[in-house]
Amino acid sequence: MVIWPTKKRLYTYMCGICAALCMFINGYDAAVFNNLQGLDSFMLYMGLDKDAPKDQNMIGAVTSSYLAASIASGITVSPLISHYLGRRATIFAGCLLVAVASIVQTFSTNIGAFIAGRVILGIGQGIALPAGPVFMSEICSPEVRGRMLSFWQMMYSVGALVTSFTAYGCKLNEGLGLWQWKTVTLLQAAIPVICCATIFTCPESPRWLISKGKFDQAKRALERTREEDQVVEEFEGIKASIEWEKENSSNSLKELWVDKSIRRRMILGLIMNFGQQLTGQSMMTSYSTKVYQKIFNDDATVLLINALNFTFGILFTLTCTFFSDKLGRTKMLIGCAFGQAAMLLIAATVYLGTPTLPDGAKSFAIGVALVLVLFLFTFFYKPGWGATTWIYTSEIFPMRVRGTAVAICTNTQSVGGLVMGQAFPSMFTTMGFYSFYVWMGVNLLLVVLIFLFYPETKGVPLEEMDRLFSQPLGRSFGLCGRRPKKSLEHSVDTFEEKQIQHTENTDEEAVVKTVGKV
């Protein structure tokens, strides 16, 4: 028997998709410069030569300038807006800047002005991106949180897909002149405008509203996304958790590193998000054009392959939608890292072990085989280190530090991307496909780290993450990150007993004070 989602569940999904437009923008932008490198009209206009060693640093600067700006605003500005004005306002502010930056890029007259547009765009993305998954995780119930957040990574693929097919279509129309590339950059303004226009039709995060004492608004927000019989219980649970946090924490940046449990989560989050960029995915997102130009000589073919790669990326991400709440986060990460390592090994070995034609390309058969292997790399990356990294990071932190902690952790993706964005052009020019062996080793190292140190969070309510991560390492971190059910239940019972004891002690103190006054 098929159980269809209720109207409120569907409405919650729609709100999540609205917030996930931030990731659409990120995916579109990540593929913009990658595809522009395949358009001669752009390279000639900006005075760049894709093969000249002297231009490799400038090509890297176009990518790294955006990432540096994203890191700066993501760590400093985004947490402040998110904390004081809410998740929706943060998304709105970031998208507005992205729309402005897209216009600056389109009408830039030289590479310096184009990079300036990239910087503005990076600031906007840095503000909006950390708020998106936080908003999505806080408006949905635990049983669908993984499914909801898988939309986040899927939107990345959709955005990159739109860019790639747009660039491919423009490549086939030489008569467009400069609008070959200007069309690609100007269309980037459309989605952030849509996001700005729709985000305030969604309810604000009930957890943020409760943390600000706006209880009536929080109840109304829950009533819009929960069934009637769930509202009161969830409202009281969130309220009790936040009140306990306020009474037992300093609510400062220092707490991220002073509190042992939060410090553990910060370290795990930083490693996971930085590692995501070293799996080899930044190569396939920002510089796949350079990689495929080593295999094929025709730029139109390369742009078509990019478009097809992101088309399949959407389908590949759907596996996370179906399995993240069934298999669990850690199994997805471990299995996919193994798959990524295997594909990198095969791709490098095939390329290096087969003859190269006089024109510098590979034969058609070998080229098709390499494209298939690299598509399979995407098959493993999208549901695992693509989607699951965002899911895990957005759900492990307590409410009092969630906005700041998620912003810092997810911006280490930008740090890793910055390193790879600047290093990859020169690295690939020097090492070629030997560099694939380096990323293969990184993937195997990540398997070991996830296996040993990351607990499973599947099905754990956000308010119970403190209990999970406060347990001793040996009790909460089992084989492949599995969380011993008995141990967590014991922890929950203990926590509830402490809450009851705390309430009783408070009541007793109040009685004593009253009697004293009498």
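Procedures and definitions
- Per chain, the residues get numbers from 1 upward, laid out in the order the sequence is written.
- Side-chain atom pairs in this predicted model are given and counted only at pLDDT of 80 or more, local residue features only at pLDDT of at least 70, and totals for whole chains, interfaces and linings cover all residues.
- For side-chain calculations, the full set of non-hydrogen atoms in the structure is used, while hydrogens and water are omitted.
- A helix here means a DSSP run of H or I that spans at least four residues, while a strand means a run of E at least two residues long, and both kinds are numbered starting from the N terminus.
- When checking whether two residues touch, look at their non-hydrogen atoms; a contact exists if any pair is within 4.5 Å.
- Computed with the Shrake-Rupley method and a 1.4 Å probe, the accessible areas treat only the protein chains shown as cover for residues.
- Buried residues of nine kinds, namely Ala, Val, Leu, Ile, Met, Phe, Trp, Tyr and Cys, make up a nonpolar core once their side-chain atoms join them within 4.5 Å.
- Partly exposed describes any residue whose relative accessible area lies between the buried limit of under 20% and the exposed limit of over 50%, with all areas from a 1.4 Å probe on protein chains only and scaled to the type maximum.
- Exposure above 30% relative accessible area and the lack of any salt bridge qualify a residue for a patch; like charges then connect within 9 Å, and the nonpolar side chains Val, Leu, Ile, Met, Phe, Trp and Tyr within 5 Å.
- In the sections that follow, a salt bridge refers to a side-chain nitrogen of Lys or Arg positioned within 4 Å of a carboxyl oxygen of Asp or Glu.
- Ring pairs shown here join Phe, Tyr and Trp side chains whose ring centres sit within 6.5 Å, with only the six-membered ring taken for Trp; geometry is labelled stacked below 30 degrees between planes, edge-to-face above 60, and tilted in between.
- Multiplying one less than the number of residues by 1.5 Å gives the expected span of a helix.
- Two N or O atoms count as a polar contact when they lie within 3.5 Å, although within protein this holds only if one can serve as hydrogen donor and the other as acceptor, and sequence-adjacent residues are included solely when both atoms are side-chain atoms.
- pLDDT is a per-residue confidence score from the predictor, ranging from 0 to 100.
- To get an axis, fit a line to the C-alpha atoms, keeping to the stretch in contact for a helix; angles then go from 0 to 180 degrees between the N-to-C directions.
- An angle below 35 degrees is read as roughly parallel, one above 145 as roughly antiparallel, one from 65 to 115 as roughly perpendicular, and any other as oblique.
- Left-handed describes a crossing in which the near helix is turned anticlockwise from the far one by less than a right angle; the clockwise case is right-handed.
- In what follows, a disulfide is any cysteine sulfur pair within 2.5 Å.

Here we come to the overall build of the protein. Check the secondary structure of the protein and you find 22 helices and 0 strands. Sequence separation of 24 or more characterises 81% of the internal contacts of the protein that already satisfy a separation of 6 or more. Accessible surface, the protein as shown: approximately 20,900 Å² in total, 68% of it carbon and sulfur.

For the rest of this paragraph, the subject is the nonpolar core. Counting 125 residues, the largest nonpolar core has Leu36, Phe42, Ile91, Tyr292, Trp385 and Phe436 as the members making the most contacts within it. When residues in this core are grouped by element, the largest group, 16 residues, is from helix α1 (residues 7–36). Discounting chain neighbours no more than four positions away, the residues touching Tyr292 are Met284, Val302, Ile305, Asn306, Val371, Leu374 and Phe375.

Residues Ile103, Phe107, Leu176, Trp179 and Leu186 make up a contiguous nonpolar surface patch of roughly 450 Å² in combined accessible area. Residue placement: Leu176 occurs in the loop between α6 (145–171) and α7 (179–186). Leu176 gets classed as partly exposed once you look at its relative accessible area, which sits at 37%.

Let us look at the pattern of salt bridges. Summed over the entire model, instances satisfying the criterion amount to 9 salt bridges. The network of salt bridges with common partners includes Arg207, Arg226 and Glu234.

The subject of this paragraph is the packing of aromatic side chains. This model, assessed by the stated rule, comprises 19 aromatic pairs. Here the aromatic rings of Phe92 and Phe200 are separated by 5.6 Å at their centres, their planes lie at 55°, and the arrangement is tilted. With Phe92 in helix α4 (residues 87–106) and Phe200 in the loop between α8 (190–198) and α9 (206–211), the pair connects residues that are 108 residues apart, well separated along the chain. Seen in terms of ring centroids, Phe114 and Trp181 are 6.4 Å apart; in terms of plane orientation they differ by 75°. Their pairing is edge-to-face. Placement of Phe114 in helix α5 (residues 111–139) and of Trp181 in helix α7 is noted, with a sequence separation of 67 residues between them. Pair check on accessibility: Phe114 and Trp181 agree, each one buried.

Glancing now at the side chain of Arg88. Position of Arg88 among the secondary structure elements: in helix α4. On the basis of relative accessibility, which here comes to 18%, the residue Arg88 falls in the buried class. When residues no more than four places from it in sequence are discounted, the contact partners of Arg88 are Phe135, Ile199, Phe200, Cys202, Pro203 and Glu204.

For α5, spanning 29 residues, the distance from its first C-alpha to its last is 42 Å, which sits close to the expected 42 Å at 1.5 Å a residue. Most of α5 is tucked away, with 23 of its 29 residues classed as buried. With a side-chain oxygen lying 3.0 Å from the backbone nitrogen of Gly112, the N-terminal cap of α5 falls on Asn110.

Here we take up the confidence of the model for the protein. Taken residue by residue, the protein gives an average pLDDT of 81. The fraction at 70 or more is 87%. Across the protein, α4 holds the top mean pLDDT of 94, while helix α22 (residues 485–517) sits lowest at 44. In the model, residues 502–518 has pLDDT below 50 throughout and makes 1 contact with residues more than four positions away in sequence or in other chains.

Glancing now at the packing of α6 against helix α17 (residues 364–395). Contact geometry of α6 with α17 gives a least axis separation of 9 Å together with a crossing angle of 125°. With respect to α17, the axis of α6 lies oblique. Seen from above, α6 lies across α17 with right-handed handedness. Residues Arg145, Gly146, Leu149, Ser150, Trp152, Gln153, Tyr156 and Ser157 of α6 pack against Tyr381, Lys382, Gly386, Ala387, Trp390, Ile391, Ser394 and Glu395 of α17.

Its location among the elements puts Tyr13 in helix α1. Among the residues examined, Tyr13 registers a relative accessible area of 13% and is labelled buried. Taking C-alpha positions, Tyr13 is 9.7 Å from Leu149, a pair spaced 136 residues apart along the chain. Ignoring sequence-local partners within four residues, the contact set of Tyr13 consists of Val144, Arg147, Met148 and Phe151.

In this section: the state of the cysteines. In total, this model carries 0 disulfides according to the counting rule given. Not part of a disulfide, Cys195 finds its nearest cysteine sulfur in Cys95, a span of 3.6 Å. For Cys195, a relative accessible area of 0% corresponds to the buried category.

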